[in-house]
Amino acid sequence: MSGPLTGVRVLEFSQVVAAPFLGCVLADLGADVIKVEPPDGDQHRRWGAIVPNEGKRFQSLNRNKRGIAIDLGREAGRDLARRLVPHFDVVTQNLRPGAAERYGLDYETLRELRPDLVYCEITGWGHGGPLSDRTATDPTMTAFAGIIVGGAKVGPEGEPLHLAASAFADYSAGFSGAAGILAALFHRERTGEGQRVEASLLRSSLAIQDTVVMREPVSDAVTRDPMVEEVQAIRARGGSYEEILEVRAGQRQSDTAALRGFSHAYQTADGGLIMLGAITPRTRALVREALEITDDRADDPDYDASDPASIAYGDQRVAYMAARFAERTTAEWMDTLGADGVPIAPVLLPEELADDPQVVAAGHMREIEHDVTGPQRVVAPVVELSATPTSIERASPPIGAHTSEVLAEAGLAPSEIAALRRDGVIGG
């Protein structure tokens, strides 16, 4: 591998999304990331798999890594995992609460084996508090942390719908863990001291909603507090989720009255959709000029979005803009408004993006070859570095593909490796 983390070795005890994605980020930066999974493979291999044990989600989250298979359910497997630790700079894990301690893979145990170890654990809820010993998944965490409410999607029975676009809590926790590890490695480089890095789905979910979670008494007294009181009253009388969304939407609409219609999606003449994101006075002025909007009160400091006349005016403006955008094609609007500096983009399916001219030209996809499924185009590393380029040099490993190789690098003799395989402690 090449990159700024070349020479850094990472032992990853991971499952599902958060820690595997963390490992991807480190591997793309050049670290030698070794994923540890059971002899029958990480359960994520089988999610949505067309080819047995090679689901796309697993492949995408575990590219650029080597893989070993160890049965941590057996004492011999746990002993073997601990034997590997002195040969690694970083250990990452997002095991179930208490599992690392039961396996003897917790920080306090492993730092005895390598005092300068950087150890990153991703939990659901963080340490401390009444929920800290419980498991969490992205759907449950995005519900608890308010992300689902922010999405405002409602099912056929009026129930909250999970935001299926991405695992927001998982991926943001992975990014957070990567940032913490990089900082810890920098600290170790200067001092020789290792440390524990803690990330959680809850903490990262709060971080990506910083403004709405934040408390500030002056602003809150005008906006947040009355809305929360109204929501609590709805809950107390057994009101519906849709009522709650309506109250919250009303408060947020008044916060962004000037953006009504300017941060909005519209259908165009060729059946496409475009998203307008004119959120500054300058870009709103450019849109008004292009659409010939001459009577606009939204930037008037006295504009009151809660006033019935203002609400009616806002509805009329959106309807007018929708009619105007329907007159021309997506490409024409992209050329007209985009060239003037107005943020505008077509609404695309994620399944279309790998072939999009912008994505391809910017180098946001990379080509690799998988041992089982053949050629792949995967999403590029999340950053580019000029002096130490990031890269993707290998596809996700088949189950236990590098077990013998990694154990040999740790000093195990071929006969011992063969005995471990014969006893079912390792796979691959």
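Here the residue index of a chain counts from 1 through its sequence in written order. For this predicted model, a pLDDT threshold of at least 70 governs which residues receive local features, and a threshold of 80 or more governs which side-chain atom pairs are given and counted, while totals over whole chains, interfaces and linings are taken from all residues. Note: side-chain values were computed over all heavy atoms of the structure, leaving out hydrogens and water.

### A short note on the nonpolar core
Here is step 1 of the chain: To qualify as a nonpolar core, a set must consist of buried Ala, Val, Leu, Ile, Met, Phe, Trp, Tyr and Cys residues joined through side-chain atoms within 4.5 Å. A 1.4 Å probe rolled over the protein chains alone gives each residue an accessible area, and that area as a share of the maximum for its type sets the label: buried under 20%, exposed over 50%, partly exposed in between. Counting 34 residues, the largest nonpolar core has Leu-26, Ile-122 and Ile-181 as the members making the most contacts within it.
Here is step 2 of the chain: Strands are runs of DSSP state E lasting at least two residues, helices are runs of H or I lasting at least four, and both sets are numbered from the N terminus onward. Elements with a minimum of two residues in this core: α1 (18-28), β5 (118-123), α8 (168-191), β6 (195-200) and α9 (201-207).
Here is step 3 of the chain: Working rule for contacts: check all heavy atoms of both residues, and any pair within 4.5 Å makes them a contact. In this structure, Ile-122 is in contact with Ala-18, Ala-19, Leu-22, Gln-93, Asn-94, Ala-173, Gly-174, Ala-199, Ser-200 and Leu-201, ignoring residues within four places of it in sequence.

### So, the pattern of salt bridges
Here is step 1 of the chain: Any carboxyl oxygen of Asp or Glu within 4 Å of a side-chain nitrogen of Lys or Arg constitutes a salt bridge here. In this structure the tally under the stated criterion is 30 salt bridges.
Here is step 2 of the chain: Close ionic contact of Glu-54 with Arg-45 constitutes a salt bridge, the shortest N to O distance being 3.4 Å. Taken individually, Glu-54 and Arg-45 each receive the classification buried, so the pair is uniform in this respect.
Here is step 3 of the chain: The residue Glu-327 makes a salt bridge to Arg-324 at a minimum N-O spacing of 3.1 Å.
Here is step 4 of the chain: In this structure, a network of salt bridges that share partners links the residues Arg-9, Asp-32, Arg-66, Glu-405 and Glu-409.

### Focus: the side chain of Glu-12
Here is step 1 of the chain: Assignment of secondary structure puts Glu-12 in strand β1 (residues 9-13).
Here is step 2 of the chain: In this structure Glu-12 touches Ala-19, Pro-20, Gly-23, Val-33, Ile-34, Lys-35, Val-36, Asn-62, Lys-65 and Thr-92, once residues within four positions along its chain are discounted.

### Remarks on the sheet that holds strand β9 (residues 344-346)
Here is step 1 of the chain: Overall, antiparallel pairing links the three strands, which are arranged β7-β8-β9 in an open sheet. Every other strand in the sheet has two partners, leaving β7 (263-267) and β9 as the edge strands with one partner each. Strand-to-strand twist across the sheet, computed as the mean angle between neighbouring axes with direction ignored, equals 20 degrees.
Here is step 2 of the chain: Along the sheet face, helix α16 (residues 330-338) touches β8 (273-277) and β9 and points at about 165 degrees away from the line of β9. By definition, two strands form a pair when at least two bridges between them are found by DSSP. To get an axis, fit a line to the C-alpha atoms, keeping to the stretch in contact for a helix; angles then go from 0 to 180 degrees between the N-to-C directions.

### Some words on the environment of Pro-20
Here is step 1 of the chain: Secondary-structure assignment places Pro-20 in helix α1.
Here is step 2 of the chain: Measuring from C-alpha to C-alpha, the distance between Pro-20 and Gly-374 comes to 22 Å, with 354 residues separating the pair along the chain.
Here is step 3 of the chain: Setting aside residues no more than four positions away along its own chain, Pro-20 makes contact with Glu-12, Ser-14, Gln-15, Lys-35, Leu-61, Asn-62, Lys-65 and Asn-94.

### A few points about α16
Along an α-helix, a turn takes 3.6 residues, which lines up residues three or four apart on a common side.
Here is step 1 of the chain: Residues of α16 that are buried: Thr-330, Trp-333 and Leu-337. Taken end-on, α16 shows its buried residues confined to a sector of 60 degrees, consistent with a single buried face. In this description, one arc is meant: the one made by directions from the helix axis to the C-beta atoms.

### Concerning helix α12 (residues 224-236)
Here is step 1 of the chain: Here α12 is 13 residues long and its end C-alpha atoms lie 18 Å apart, about the 18 Å a rise of 1.5 Å per residue gives.
Here is step 2 of the chain: Looking only at α12, the buried set comprises Met-227, Val-231 and Ile-234. In an axial view of α12, the angular spread of the buried residues amounts to 55 degrees, which keeps them on one side of the axis. Among the exposed residues of α12, those pointing more than 90 degrees away from its buried face are Glu-229 and Ala-236.
Here is step 3 of the chain: Positioned one or two residues after α12, Gly-238 has a phi angle of 75 degrees, which is positive. Expected span of a helix, by definition, is 1.5 Å for each gap between consecutive residues, and there is one gap fewer than residues.

### Some remarks on the packing of aromatic side chains
Here is step 1 of the chain: Note on aromatic pairs: the rings of Phe, Tyr and Trp (six-membered ring only in Trp) are paired at centre separations within 6.5 Å, and the planes decide the class, stacked below 30 degrees, edge-to-face beyond 60, tilted for the rest. As enumerated under the stated definition, the model contains six aromatic pairs in all.
Here is step 2 of the chain: Ring plane angle 85 degrees and centroid distance 4.9 Å describe the contact between Phe-21 and Phe-175, whose orientation is recorded as edge-to-face. Here the residue Phe-21 occupies a position in helix α1, and Phe-175 occupies one in helix α8, the gap between them amounting to 154 residues.
Here is step 3 of the chain: Taking relative accessible area as the criterion, Phe-175 reaches 40% and is therefore assigned partly exposed.
Here is step 4 of the chain: Measuring from ring centre to ring centre gives 4.7 Å for Phe-325 and Trp-333, while their planes differ by 55 degrees; the resulting arrangement is tilted. Judged on exposure class, the residue Phe-325 and its partner Trp-333 are both buried.
Here is step 5 of the chain: Here a set of aromatic residues connected by ring pairs shows up, and it is made of Phe-21, Tyr-171 and Phe-175.
Here is step 6 of the chain: Cation placement over rings: the criterion is NZ of Lys or CZ of Arg within 6 Å of the ring centroid and within 35° of the ring normal. Taking NZ or CZ as reference, Arg-9 lies 4.3 Å from the ring centre of Phe-88, over its face.
Here is step 7 of the chain: We note Arg-328 situated over the ring of Trp-333; from NZ or CZ to the ring centre the distance is 4.9 Å.

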